[in-house]
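Structure assessment
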Amino acid sequence: MAIPRRSLVPAALLGALLLAPLPASAAPGHDGPRPVREGTPARAGTPVREGGEALAGAPLAAARTAPAGAAEPAEPRTEAGYPRRTVLRAPPADPADRSVRLGLAPYHALAPRLNALQRLGDRVSVEIAGRSVGGRELYLVTVTAPESPRQAREQRRMRALIENAPATAAGDPRLAASYKTPVFINNNIHGNEWEGTDAALRLIEELATAGDARTAALLARTRVYVNLTANPDGRVAGTRANGNGFDLNRDLITASQPETRAIRRIAIGKQPAVMLDLHGYVNGTLIEPTTPPHGENYEYDLFLKHSYANALGMEKGVNGLGLTPAGDGVRPAVIPFRDQAEGWDDWPPVFTPQYMPFQGAVAAHTVEFPLAVNNAAYDTLPVTELRRRAGVNSAVAGAAMRAALDYAHRHRASVLADQIETFRRGAAGEPQRPVSERTVPGVPGIGPEDVYTTDFPRAYVIPAGRTPAAARLVDHLLANDVRVRRASAPFRLGGRTYPAGAYVVDMRQPKRGLANAILAEGRDISADVSAMYDISGWSLGLLWGTAVEEVRGGEVRVPGPLVSKAAPTGRVAPRGDLRLRLDDPAELAAVNALLARGVRVRGTADGAAVVPGSARGTARALADRLGVRFEAARERGGAPLRRTRVAAAVPAGELFALREMGFDVVPVSTAVLNAGFDWSRADVLYVSAGLDHRALTPAARAALRASGVGVVGTGAGGAAFNTAAGLLAATPVRGGADANGVVRVAGAGGALTAGAPGHSFVYAPLWFTRPGPGVRVEQRYGALVAGHWRPGEDGRGGPLEAAGAASVISGTAAGGRTPVVLFGTQPLFRAHPKGLYAQVGRALLATAR
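In this text the structure is predicted, and so the values were computed from the model without any measurement. (Residues numbered from 1 in each chain as written. Predicted model: local features only at pLDDT ≥ 70, side-chain atom pairs only at ≥ 80, totals over all residues. Heavy atoms only, no water.)

**Re the sheet that holds strand S16 (residues 503-506)**
- One open sheet holds the four strands; their spatial order is S13-S16-S12-S17, and the pairing between them is antiparallel. Of all strands in the sheet, those bounded by a partner on one side alone are strand S13 (485-486) and strand S17 (549-551).
- Where helix H17 (residues 468-479) meets the sheet, it contacts strand S12 (459-462) and S16, and its direction lies at approximately 145° from that of S12. (Pairing = 2+ DSSP bridges. Helix = DSSP H or I, 4+ residues; strand = E, 2+ residues; numbered from the N terminus. Contact = heavy atoms within 4.5 Å. Axes fitted to C-alpha atoms, helices over the stretch in contact; angles between N-to-C directions.)

What follows is the structure, given as structure tokens:
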């Protein structure tokens, strides 16, 4: 079925409708948008109040509780039917919106257009899915045939049946006859890849106004969900990243940002069977499915069956536009699975389309428009050429969307059956079916290089249930719709006895693939392919700071209920001084809050903090809010800790992590220091990227040297700064620039690494050789556990060479006056490896002047 491209509403009238303000009478009883379904936490650094006093330095982002809004329903609590109209407030016009130069819709024009589209008939509904970092509303548009409240309840019942009782759903005749296929279109997750938003607006208009029987049939059996712009802050600013500097299409498994949490809620609440993510710019138009390696936790036979067939339809639609290399600069579309050997894979669940299969999608695609209009092109090409290209890209996006809707409609029965089968296999604990020409008929070229499966364990146990790290991981699992049970009494599982309070993830559940993607160690795929598109290891089970044990075989009989949130973990000893471990970002946030209040905190030799009993009231408030545990202290003496102000030359993820731990951070760079930085504002310098000591002016170098601040460095940027500044005597050795993954490490047991996890994360790994006098090795590399890390063509720089070498070193420079710590690992990478944060936090406290 082809979606008609012409509206039955005259163009002039339609334009007037789309631009006209919505009268207040259009929505009786509503004078503004409905409440945002994401919680609206205060920004990081907002004080938590206890007894009328502010606890400065305890950012909510570091709290033990689930990510903001994670427990919020993706469907309204009321049993509303469709349409569900929301009167959107239009933000003030912003002539600096970078969309304007391209002739595309600026963000401030979206609300008026959506208000007008809702008035066109009874097919379009708009809801607020969340807010961006900058406070802009995220518009979720639903296009479908009208539904009464009773019909909407029935759709919701059937959707729940598909996930919770898939075997029953497979034989339900009412579901087969009347369930509407959910199709999700995600636009503009990269802010400077604009055109999907504009193409979606035109598609919504067409679906809202078309009077033909084919469109009516589509909308009678489909719900089309459109996240109109997933990154409005980036759209306005013309940046790939969001307002916090994050690439949102690398954040799905971590969900550190409000925009990605909104996408996650849509995925869980709407349960899309088909999904598109609109991007740019690859010429010819790139349409997934991908090259190997394929995610080993997917039911990939079901996924490839539909993704490949849908890709062929989108390719036909895009090529059918008649665009040519000679006339338009557009090459024919490319399907990586068919046309490329490697380099565009779907291995990590950090991208939106690679996350969606875990929530039930049997076809999910990145689609890349062909003609670049961002970055250098935006600034150098004439406006006429930019607008021509944007028009081409919009047409390509529209063709892909229409083809995907056509596929979902024509293959509705098969799409829904395979979504049900995905969940049924998980609930039944059945093994995966490897892809082959037999299991996926009609897909050419399947070979052994495409076979990636895993042997799911029977269960996972998180035994340390009373730590903030365990609670954070449990809440994250729950936010992703993974089922978790908490033991109410001791129990035996897999030949071991576990205590009451332990958490169990029974892997016989519909979303076992996602549970395994989060908790499993992963695997070393270095030998499988020569190139990867992004990260290759990410295990939350190894990197989030709590023990996770895999159980093979046996029956899972655990006394206790399924939980909706982790149990509280905070505690304060009833008398005497208090001891706080500093192994977790929440514990660093707590100690920074105490220091900000002037509490006299002392450090211990093993990296803990001792808090005077006189601060018990403040400790109770922090224990309640952050889930940290203040035990009775036995230590006496110890070096005093002080509130640490950090001058940080870091990428966005590391800046976010530092602030999550409650540090007072001032971003710096080479340019900032050369402009004359006031070093009285900082106690320590943290260097990861953006600060080149060789490019500093003599005055900037002198000021830095005279400041006496300690230095903490990570990765190549930190090591280069150390060498150029002549600080610690050690030779850095670099692994591959794209090598990454999870590695075993062994700490020396000092204050920096005592209690640290036995694994770390590397990206472009670095290690240190030939340590000079006074240089202490704090941690050493072990083997690569999961990821992609090969030696170079000369045989150097691989994981075998790194094994046993120093991954973290410390010492003093400048005549013993400047403390320095250097990490060859990436413990704050993209705000992901939560269990590693504390190593950096301890280093900052230890090196502050």
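**Observations concerning the environment of Ala-377**
- Among the structural elements, Ala-377 can be located in helix H14 (residues 375-380).
- Sequence spacing of Ala-377 and Gln-155 is 222 residues, and the spatial spacing of their C-alpha atoms is 46 Å.
- Apart from residues lying up to four places away in sequence, Ala-377 is in contact with Ala-372 and Leu-386.

**Some points on the packing of aromatic side chains**
- On inspection of all chains with the given rule, the structure shows 19 aromatic pairs.
- Ring geometry for Tyr-107 and Tyr-139: centres 5.7 Å apart, planes at 5°, overall stacked. Within this pair, whereas Tyr-107 is found in helix H2 (residues 107-119), its partner Tyr-139 is found in strand S4 (residues 137-143), the two being separated by 32 residues in sequence. Tyr-139 matches Tyr-107 in its accessibility class, with the two residues each being buried.
- Ring centres 4.9 Å apart and planes at 80° place the aromatic pair Phe-677 and Trp-679 in the edge-to-face group. The exposure classification of Phe-677 matches that of Trp-679, with both residues buried.
- An aromatic cluster of three or more residues is present, and its members are Tyr-298, Tyr-300, Phe-303 and Phe-358. (Phe/Tyr/Trp six-rings, centres within 6.5 Å; stacked < 30°, edge-to-face > 60°. Buried < 20%, exposed > 50% of the residue type's maximum accessible area, 1.4 Å probe, protein only.)

**Re helix H22 (residues 652-660)**
- Burial of H22 is extensive: seven of the nine residues sit out of reach of the surface.
- If you check which residues of H22 are buried, you get Gly-653, Glu-654, Leu-655, Phe-656, Ala-657, Leu-658 and Glu-660.
- In the core, the buried residues of H22 are packed alongside helix H20 (585-596), strand S24 (645-649), strand S25 (664-667), strand S26 (684-687), strand S27 (710-714) and helix H27 (837-847).
- Once H22 finishes, Gly-662 follows within two positions and takes phi at roughly 85°, a positive value.

**Focus on the nonpolar core**
- Residues Leu-114, Tyr-139, Leu-228, Leu-304, Met-401, Leu-477 and Val-505 are the most contacted members of the largest nonpolar core, which totals 133 residues.
- The greatest single-element share of this core, amounting to 10 residues, is contributed by helix H15 (residues 383-410).
- Ranked by size, the runner-up nonpolar core spans 51 residues in total, among them Leu-582, Val-591, Val-646 and Ala-648. (Core = buried A, V, L, I, M, F, W, Y, C linked by side-chain atoms within 4.5 Å.)

**Observations regarding the environment of Trp-344**
- When you line up the elements, Trp-344 lands in the loop between helix H12 (336-339) and strand S10 (345-346).
- Separated by 51 residues in sequence, Trp-344 and Pro-293 have C-alpha atoms that sit 8.8 Å apart.
- Once residues lying within four places of it in the same chain are set aside, the contact partners of Trp-344 are Val-282, Leu-286, Glu-288, Thr-290, Thr-291, Pro-336, Thr-366, Glu-368 and Tyr-533.
- A distance of 2.7 Å separates a polar atom in the side chain of Trp-344 from a polar atom in the side chain of Glu-288. (Polar contact = N/O pair within 3.5 Å; in protein donor to acceptor, adjacent residues only side chain to side chain.)

**Comments concerning the packing of helix H6 (residues 195-209) against H15**
- Contact geometry for H6 and H15: axes closest at 8 Å, N-to-C directions at 50°. The angle between the axes of H6 and H15 places the two elements in the oblique class. Crossing geometry of H6 relative to H15 is assigned as right-handed. Contacts between H6 and H15 involve Glu-195, Gly-196, Asp-198, Ala-199, Ala-200, Arg-202, Leu-203, Glu-206 and Leu-207 from the first element and Ala-390, Asn-393, Ser-394, Ala-397, Gly-398, Met-401, Arg-402 and Leu-405 from the second.
- A breakdown of the residues in the contact of H6 with H15 according to their chemical character gives eight nonpolar, four polar and five charged. (Parallel < 35°, antiparallel > 145°, perpendicular 65-115°, else oblique. Left-handed = near helix turned anticlockwise from the far one by under 90°. Nonpolar A, V, L, I, M, F, W, Y, C, P; charged D, E, K, R; others polar.)

**Here's the deal with H6**
- Helix length check: H6, at 15 residues, gives a terminal C-alpha distance of 22 Å against a target of 21 Å (1.5 Å per residue), a fit within 8%.
- Counting buried residues in H6 gives 14 out of 15 residues, a clear majority hidden from the surface. (Expected span 1.5 Å × (residues − 1).)

**Here we look at the pattern of salt bridges**
- Per the counting criterion, the structure on display carries 52 salt bridges.
- For Glu-421, the salt bridge is made with Arg-425, and the minimal N-O distance between the two is 3.1 Å. A residue pair is termed a helical-turn pair when its members lie 3 or 4 positions apart in one helix, as Glu-421 and Arg-425 do in helix H16 (residues 412-428) at four residues. In terms of burial, Glu-421 and Arg-425 fall into one category: buried. (Salt bridge = Lys/Arg side-chain N within 4 Å of Asp/Glu carboxyl O.)

**Structural notes on the sheet that holds S4**
- Spatially, seven strands are ordered S3-S4-S6-S5-S7-S11-S8 in an open sheet, and the strand pairing comes out mixed. Strands at the two margins of the open sheet, each flanked by one partner only, are strand S3 (124-131) and strand S8 (286-287).
- Relative to strand S11 (residues 363-369), strand S7 (residues 274-280) runs parallel, the two being bridged by seven bridges. Each residue of the ladder has a partner; that of Val-274, found in S11, is Ala-363.
- Along the sheet, H2 contacts S3 and S4; its crossing angle with S4, the most-contacted strand, is approximately 30°.

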